[in-house]
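# Secondary and tertiary structure notes
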Amino acid sequence: MFTPSSNDKAIMSTNKILLYSVAISLIIHLGALSLVSLMEWRGKRHPQQVVTIDLREMFAAREKKALAPKPPAAKPRLKAVQEAKPPASSRKNFREATVDLNSREQRYKPYLKAVREKIEQSWIYPEKAEALREEGTTVIRFSLAATGEVVNAAVIRSSGSPLLDEATLLAVRTPRFAPLPANSQLSRLNIVATFEYRLAP
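Here the residue numbers are simple positions, counted from 1 along each chain's written sequence. Residue-level local features of this predicted model are given only where pLDDT is at least 70; pairs of side-chain atoms are given and counted only at 80 or more, and the full residue set underlies all totals for whole chains, interfaces and linings. Heavy atoms throughout the structure, all of them, feed into the side-chain values; hydrogens and water do not.

Okay, the pattern of salt bridges next. For this analysis, a salt bridge means a side-chain nitrogen from Lys or Arg found within 4 Å of a carboxyl oxygen belonging to Asp or Glu. On inspection of all chains with the given rule, the structure shows one salt bridge. With its nearest N and O atoms 2.9 Å apart, the salt bridge here joins R107 to E105.

Think of a pair of aromatic rings as described by two things: how far the centres are apart, and how the planes are tilted against each other in angle. Stacked, tilted and edge-to-face are the three classes assigned to paired rings of Phe, Tyr and Trp, where Trp is represented by its six-membered ring and a pair needs centres within 6.5 Å; plane angles under 30 degrees give stacked, over 60 edge-to-face, the rest tilted. A complete count under the given rule lists four aromatic pairs for this structure. Ring centres of W123 and Y197 lie 5.5 Å apart, and the angle between their planes is 85°; on these two criteria the pair is classed as edge-to-face. Within this pair, whereas W123 is found in the loop between α3 (109–122) and α4 (127–131), its partner Y197 is found in strand β4 (residues 188–197), the two being separated by 74 residues in sequence. For Y197, a relative accessible area of 1% translates into the label buried. Between the aromatic rings of F142 and F177, the centroid separation amounts to 6.4 Å while the plane-to-plane angle is 25°, which identifies the pairing as stacked. With F142 in strand β2 (residues 136–145) and F177 in the loop between α5 (162–173) and β4, this pair connects stretches of sequence that are 35 residues apart. You'll find F142 and F177 in the same group, each marked buried. Only DSSP runs of H or I covering at least 4 residues are called helices, and only runs of E covering at least 2 are called strands; the numbering of each starts at the N terminus. For the exposure calls, accessible area comes from a 1.4 Å probe over protein chains only, and a residue counts as buried if that area is under 20% of its type's maximum, exposed if over 50%, partly exposed in between.

Structural data, given as structure tokens:
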């Protein structure tokens, strides 16, 4: 039977210590590496932002925009009819006068009488205004060209009733008036007329 010497025992003891030291060192290094890896892994765990582009949706939106019906064009606003001005070339010879429809001035009296008769034939009391018992006085100014054509008509004092005011304007726009008297030598005659609307009690 072999019995190790004290020298052999010392060597074996040294080898065991060395082996244990290496094993412990390996365990420590492995633990350290694992810890560092774990820390790096946790540090890099940032939420990833993923952008998704759906080309089908983009093209569908473009097609929808292209096929979308265009909004209707804004309706033009009606502008008030302005009195026509004579051309610059004829302004030197352009003559006009303004009179009341009931004027007694001799040079206009016969013509104004004919104008008044024509207006009275077309002038009516609006049925709706009559039903609503609307009354009032409308004063208008209308202009006749040398041909007798009405070139402008406007309310200068309202009766307070749109129905009555409109009936007044219609009364002067409807008739065909005779041309202005040749002896007047006028290019235009402006006439101011008062229309009274009164209902029987």
